[in-house]
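Each chain, letter by letter, is given below.
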Amino acid sequence: MHEGGTGEGRRAGSGVPGSGVDQGAGGGGAVDQEFLALERELTVLLRRARASSGEMVREVHPDLESSAYGLLVRLEERGRQRATELAAYIGVGKATMSRQLRALEELGLVAREPDPADGRAWLVHLTDVGRERFGTVRDARRARYVRELANWERGEVAELARLLHRLNRGVERG
């Protein structure tokens with residue numbers, strides 16, 4: 001079985017193939033095997049994604065924190081945004097967002113400008129340098145996905161993207 005494999009046909013903890021339930025670590029009620037498998041696979045995926053994001057963001061600039069990659073993605077996809085919008089999307093507080101944006105700004109990757117709709121607010125956007133560096137790294141990341149999923153059918157890749165989008169939307173509303 002590969003790392004993070006599902007162990008098809010066996011139910012964790014029950015020792016009985018196909019039993020459908022597990023008492024869980026705390027013994028406090030039945031837990032569906034499907035949700036245990038989901039937790040296990042998401043844990044592996046998220047661990048690998050964090051490591052990958054760290055590698056990718058350091059290719060944009062060696063002094064960046066791995067969390068900055070998500071900000072760059074959002075700014076590249078959505079364009080100018082308020083820091084409060086970015087903080088809400090990423091799920092961090094204003095102080096954390098301010099610190100991260102200040103670091104990106106000091107490296108010349110993002111810039112701020114007054115919001116024409118509200119003179120008290122600022123809009124953040126990628127600079128030309130930020131867009132160029134990020135684009136190079138993002139292209140390399142996509143090429144890696146193409147290589148790693150070369151034996152998948154296009155429909156399977158599309159289905160995975162659709163399901164992950166659905167999961168992310170549910171978490172956003174959560």
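Just so you know, these numbers come straight off a predicted model, no measurement behind them.

Draft legend 1. View of the overall build of the protein. Across its full length, the protein carries six helices and five strands. Going from the N terminus to the C terminus, the protein shows its helices and strands as β-β-α-α-β-α-α-β-β-α-α. Looking at the protein as a whole, 25% of its 174 residues are labelled buried. Contacts spanning at least 24 positions in sequence make up 45% of the contacts within the protein whose residues lie at least 6 apart. With an accessible surface of roughly 11800 Å², the protein has 53% of that area assigned to carbon and sulfur atoms.

Draft legend 2. Inspection of the nonpolar core at higher detail. With 21 residues, the main nonpolar core has Leu64, Tyr69, Leu72, Leu86, Leu101, Leu104 and Val110 as its most contacted residues. Sorting the residues of this core by element identifies helix H1 (33-60), helix H2 (68-78), helix H3 (83-90), helix H4 (94-106), strand E5 (118-126) and helix H5 (128-148) as the ones contributing at least two each. The element that contributes the greatest number of residues to this core is H2, accounting for six residues. Filtering out sequence-adjacent residues up to four positions away, leucine 72 remains in contact with Val60, Leu64, Leu104, Val110, Leu126 and Phe134.

Draft legend 3. View of the packing of aromatic side chains. Per the stated rule, a full pass over the model turns up one aromatic pair. Ring geometry for tyrosine 69 against phenylalanine 134: centres 5.5 Å apart, planes inclined by 50°, an arrangement best described as tilted. Of this pair, tyrosine 69 sits in helix H2 while phenylalanine 134 sits in helix H5, placing them 65 residues apart in sequence. Each member of the pair tyrosine 69 and phenylalanine 134 is classed as buried. Over the aromatic face of tyrosine 89 sits the side chain of arginine 74, whose NZ or CZ is 3.6 Å from the ring centroid.

Draft legend 4. Looking closely at the sheet that holds E5. Strand order in the open sheet made by the three strands is E3-E5-E4, with antiparallel pairing throughout. Each of the sheet's edge strands pairs with one partner strand only, and the pair in question is strand E3 (81-82) and strand E4 (110-115).

Draft legend 5. Geometry of the pairing of E4. Sheet analysis places E4 next to E5, joined by six bridges and oriented antiparallel. Note on E5: the bridge partner recorded for proline 114 is tryptophan 122. Turn length for the E4-E5 hairpin, with the two strands adjacent in sequence and antiparallel, is two residues.

Definitions and limits used
Residues numbered from 1 in each chain as written. Predicted model: local features only at pLDDT ≥ 70, side-chain atom pairs only at ≥ 80, totals over all residues. Heavy atoms only, no water. Helix = DSSP H or I, 4+ residues; strand = E, 2+ residues; numbered from the N terminus. Buried < 20%, exposed > 50% of the residue type's maximum accessible area, 1.4 Å probe, protein only. Contact = heavy atoms within 4.5 Å. Areas by Shrake-Rupley, 256 points an atom, 1.4 Å probe, with all protein chains shown as cover. Core = buried A, V, L, I, M, F, W, Y, C linked by side-chain atoms within 4.5 Å. Phe/Tyr/Trp six-rings, centres within 6.5 Å; stacked < 30°, edge-to-face > 60°. Lys NZ or Arg CZ within 6 Å of the ring centre and 35° of its normal. Pairing = 2+ DSSP bridges.

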